[in-house]
Amino acid sequence: MLSLMLVLTLMGQVAGAEGVAVPAETQERLVEQYGLDAPPPPVWDWSSVDVGVSGITGGMLFVYRMMLNPLGVLLQEMLYIL
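Conventions adopted
Residues numbered from 1 in each chain as written. Predicted model: local features only at pLDDT ≥ 70, side-chain atom pairs only at ≥ 80, totals over all residues. Heavy atoms only, no water. Helix = DSSP H or I, 4+ residues; strand = E, 2+ residues; numbered from the N terminus. Buried < 20%, exposed > 50% of the residue type's maximum accessible area, 1.4 Å probe, protein only. Areas by Shrake-Rupley, 256 points an atom, 1.4 Å probe, with all protein chains shown as cover. pLDDT = per-residue confidence, 0-100. Axes fitted to C-alpha atoms, helices over the stretch in contact; angles between N-to-C directions. Parallel < 35°, antiparallel > 145°, perpendicular 65-115°, else oblique. Contact = heavy atoms within 4.5 Å. Nonpolar A, V, L, I, M, F, W, Y, C, P; charged D, E, K, R; others polar. Patch = residues over 30% accessible without salt bridge, like charges linked within 9 Å, V, L, I, M, F, W, Y side chains within 5 Å. Salt bridge = Lys/Arg side-chain N within 4 Å of Asp/Glu carboxyl O.

## As for the overall build of the protein
Then step 1. Looking only at helices and strands, the protein features four helices and zero strands.
Then step 2. Going from the N terminus to the C terminus, the protein shows its helices and strands as α-α-α-α.
Then step 3. Expressed as a percentage of the 82 residues in the protein, the buried residues total 1%.
Then step 4. Roughly 8,000 Å² of accessible area belongs to the protein as shown, and the carbon and sulfur atoms make up 68% of that amount.

Next up, the structure:
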């Protein structure tokens, strides 16, 4: 239960990120001062990645299994990766 609460807490908003953006002038000065380049395009196309859970029932079953037998679930997942 503690790990579930931790995961739900980590999924929350980041402190201080309530939609405040860096002003354009400040951003330009930082780019000039530190010689920053534009960020590279993403390597992964996340729209085609399968994360293993295709619905709420699969996710809830995983959570229930983790609460009942966390060591067994983790060992099974590690063996599946190998």
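## Thoughts on the confidence of the model for the protein
Then step 1. Of the residues in the protein, 72% have a pLDDT of 70 or more, and the chain-wide mean is 76.
Then step 2. Confidence scores differ between elements of the protein, with helix H1 (residues 2–10) showing the lowest mean pLDDT of 77 and helix H2 (residues 24–34) the highest of 87.

## Quick word on H2
Then step 1. Within H2, only zero of the eleven residues are buried, leaving the element largely exposed.
Then step 2. A positive phi of about 65° marks glycine 35, the residue just after H2.

## What about the packing of helix H3 (residues 56–68) against helix H4 (residues 70–81)?
Then step 1. Direction vectors running N to C along H3 and H4 enclose 120°, while the axes themselves pass 5 Å from each other. With respect to their mutual orientation, H3 and H4 come out oblique. When H3 is examined against H4, the residues Phe62, Arg65, Met66, Met67 and Leu68 are found in contact with a partner set consisting of Pro70, Val73, Leu74, Gln76 and Glu77.
Then step 2. A breakdown of the residues in the contact of H3 with H4 according to their chemical character gives seven nonpolar, one polar and two charged.

## Topic: a nonpolar patch on the surface
Then step 1. A cluster of nonpolar side chains, namely Met1, Met5, Ile56, Met60, Leu61, Tyr64 and Met67, defines an oily patch on the protein surface of about 770 Å² accessible area.
Then step 2. Sort the elements by how many residues they give to the nonpolar patch and H3 lands first, with five residues.
Then step 3. Structurally, the position occupied by leucine 61 is in helix H3.
Then step 4. A residue is classified by how much of its surface remains accessible, and leucine 61, at 54% relative accessible area, is exposed.

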